[in-house]
Amino acid sequence: MTTATAELLTVPEVMARLKLGRSTVYDLIRSRRLTSITIGRARRVPADAVRDFITHEIEEAA
């Protein structure tokens, strides 16, 4: 496992990367379009999941 694979992002970091609001990011997580994990009470999104989401959205738009 590389550091890029192991990188976990907070919701605010995902918001900044995707230029989306908090509610939209949580909606994507709830609908399972964006993979996340919970550690204790903290929600984290793997950086790979953000890249996969972007790739999938680009393919859907094409």
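Just above, that's the structure.
Computed from a prediction, not measured in an experiment: that's the story for all the values here.

Visitor: Pulling in residues and values, what's your account of the overall build of the chain?
Guide: Of the regular secondary structure elements, the chain holds four helices and three strands. Going residue by residue from the N terminus, the α and β elements of the chain occur as α-β-α-α-β-β-α. In terms of overall dimensions, the chain has C-alpha extents of about 35 × 30 × 20 Å along its principal axes. Among the 62 residues that make up the chain, the fraction classed as buried is 24%. Nonlocal contacts in the chain, meaning residues at least 24 apart in sequence, comprise 47% of its contacts between residues at least 6 apart. A total of about 4500 Å² of accessible surface is found on the chain, and carbon and sulfur atoms cover 53% of it. Put simply, the chain has 10 plus and 8 minus side-chain charges, and the middle of one group is 10 Å from the middle of the other.

Visitor: Just give me the short version of the sheet that holds strand β3 (residues 42–46), but keep the residues and values in it.
Guide: Taken together, three strands build an open sheet; the order of strands is β1-β3-β2 and the sheet is antiparallel. Every other strand in the sheet has two partners, leaving β1 (8–9) and β2 (37–39) as the edge strands with one partner each. Relative to β3, β1 runs antiparallel, the two sharing two bridges. For Leu9, the partnering residue across the bridge sits in β3 and is Val45.

Calculation criteria
- Residues numbered from 1 in each chain as written.
- Predicted model: local features only at pLDDT ≥ 70, side-chain atom pairs only at ≥ 80, totals over all residues.
- Heavy atoms only, no water.
- Helix = DSSP H or I, 4+ residues; strand = E, 2+ residues; numbered from the N terminus.
- Buried < 20%, exposed > 50% of the residue type's maximum accessible area, 1.4 Å probe, protein only.
- Contact = heavy atoms within 4.5 Å.
- Areas by Shrake-Rupley, 256 points an atom, 1.4 Å probe, with all protein chains shown as cover.
- Lys, Arg positive; Asp, Glu negative; His and termini not counted.
- Charge placed at Lys NZ, Arg CZ, Asp CG, Glu CD.
- Pairing = 2+ DSSP bridges.

In short, geometric facts, not functional conclusions.
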